[in-house]
Amino acid sequence: MEQVGNEGRAPPGPPLVEVEGIWFPKFFETNRPMKEQIDYIRGLDLRDDDVLICAYAKAGTHWTWEVVSMLMAGKVEYRKQSKETVMLEVVELEGVESLPSPRVLNTHLPVNMLPRQVKDKKGRIIFVYRNPKDLLVSLYFHIKQMPGSSDLALQELEEAFLTGWTPFGSFFNYMKEWDAFIKENPDLSIFKASYEDMKEDPVGSVRELSEFLGVNAPPELCAAIADACGFQKLKHAAETMKEISPHFSRPDNLPVQMFRRGEVGDWKNHLTVAQSERLDAAIKQQLDGCDFNFRYTLWEDGFRGLTLR
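Draft legend 1. Layout of the environment of A57. Positionally, A57 belongs in the loop between β3 (51–55) and α2 (61–73). Along the primary structure A57 and G169 are separated by 112 residues, whereas in three dimensions their C-alpha atoms are 9.8 Å apart. The contact partners of A57, leaving out residues within four places of it in the chain, are H108, L135, L139 and F168.

Draft legend 2. View of the pairing of strand β2 (residues 22–25). Because side chains alternate across β2, one face comprises the buried residues I22 and F24, and the other comprises W23 and P25, equally buried. Where strand β1 (residues 16–19) lies against β2, 4 bridges are found, and the strand directions are antiparallel. What sits directly across from L16, in β2, is P25.

Draft legend 3. Quick peek at the packing of aromatic side chains. Inspection of every chain in the model, using the stated rule, returns 19 aromatic pairs. Here Y56 and Y174 contribute two aromatic rings whose centre-to-centre distance is 5.4 Å and whose plane-to-plane angle is 70 degrees, an arrangement assigned as edge-to-face. Note that Y56 is positioned in the loop between β3 and α2 and Y174 in helix α6 (residues 171–184), a separation of 118 residues in sequence. In this structure Y174 comes out as buried when scored by relative accessible area, which is 2%. Ring centres of F161 and F171 lie 5.3 Å apart, and the angle between their planes is 25 degrees; on these two criteria the pair is classed as stacked. Pair noted here: F161 is in helix α5 (residues 154–163) and F171 is in helix α6, with a separation of 10 residues, a long-range link. The buried category is assigned to F171, whose relative accessible area is 1%.

Draft legend 4. Representation of helix α11 (residues 273–286) in the model. The end-to-end C-alpha distance of α11, which contains 14 residues, comes to 20 Å, matching closely the 20 Å that a straight helix rising 1.5 Å per residue would cover. Among all positions in α11, only Q275, S276, L279, A282, I283 and Q286 are buried. One side of α11 carries all its buried residues, which in axial view fall inside an arc of 125 degrees. For α11, exposure combined with an orientation more than 90 degrees from the buried face picks out V273, E277, K284 and Q285.

Rules of the game
Residues numbered from 1 in each chain as written. Predicted model: local features only at pLDDT ≥ 70, side-chain atom pairs only at ≥ 80, totals over all residues. Heavy atoms only, no water. Helix = DSSP H or I, 4+ residues; strand = E, 2+ residues; numbered from the N terminus. Contact = heavy atoms within 4.5 Å. Buried < 20%, exposed > 50% of the residue type's maximum accessible area, 1.4 Å probe, protein only. Pairing = 2+ DSSP bridges. Phe/Tyr/Trp six-rings, centres within 6.5 Å; stacked < 30°, edge-to-face > 60°. Expected span 1.5 Å × (residues − 1). Arc of directions from axis to C-beta.

Don't take any of this as a statement about function, it's just geometry.
Dropping the structure here:
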């Protein structure tokens, strides 16, 4: 998406660094500049048993990572480390290379910044997406915790979101590129998961992930994992059990809170009718022809939201 008038100027939010038109939080940089980090990621050696969870920011990466980690371990046990310790754009990649198999990795990077070996059928990919309205609201509260962002207004981020001028890059470009990648690579092992579908049927979603990963977890384990990875239990685990990366700290030195509400439809409490309509128009215009089933609320009558085909 063209970003008229924004060339060279950072999007609203914390201090940022730009690589190939994508703006990343400056605190993501660890032992090397962000451009070198991306180059390193592209050349990263993947293993056949790797699992790579890919999602735009605030689309459900933490949740999915915990579920997959438990499935691969074959037991209900929270990992002491946070998912940021295996988030490709944040960590020292030498540490990732030394991890034992199977590795459960994650990233918010666009397709063209992933390891090149993903096209060599190395490992499995889980692509998670969420309806753009809840995602935008969650992203807003997430960014406001970051240094230099406390005065950020939702309207300011909404306007930036609509033009693709946001931290982590354009949501619409990200989704279009993933849709094209999935369609152009039918032989790759890719599981496409909807946040809302997982929320509606957590046990069924865990079972489907188990089958995709080839671990074939028994029904009682799937149910136990779904229960342990419920929003409130994950939030409690994150706040009391996890080793938080120092890079994810607020100005008051407290850790950035990764879990806020976790609800489907919370956007109604924050977006105006006009903002919702602008998002509807942008989604229809930008993602027409993409295979995503965006669900903006969960209904018992089976309403399935807006399907883009």
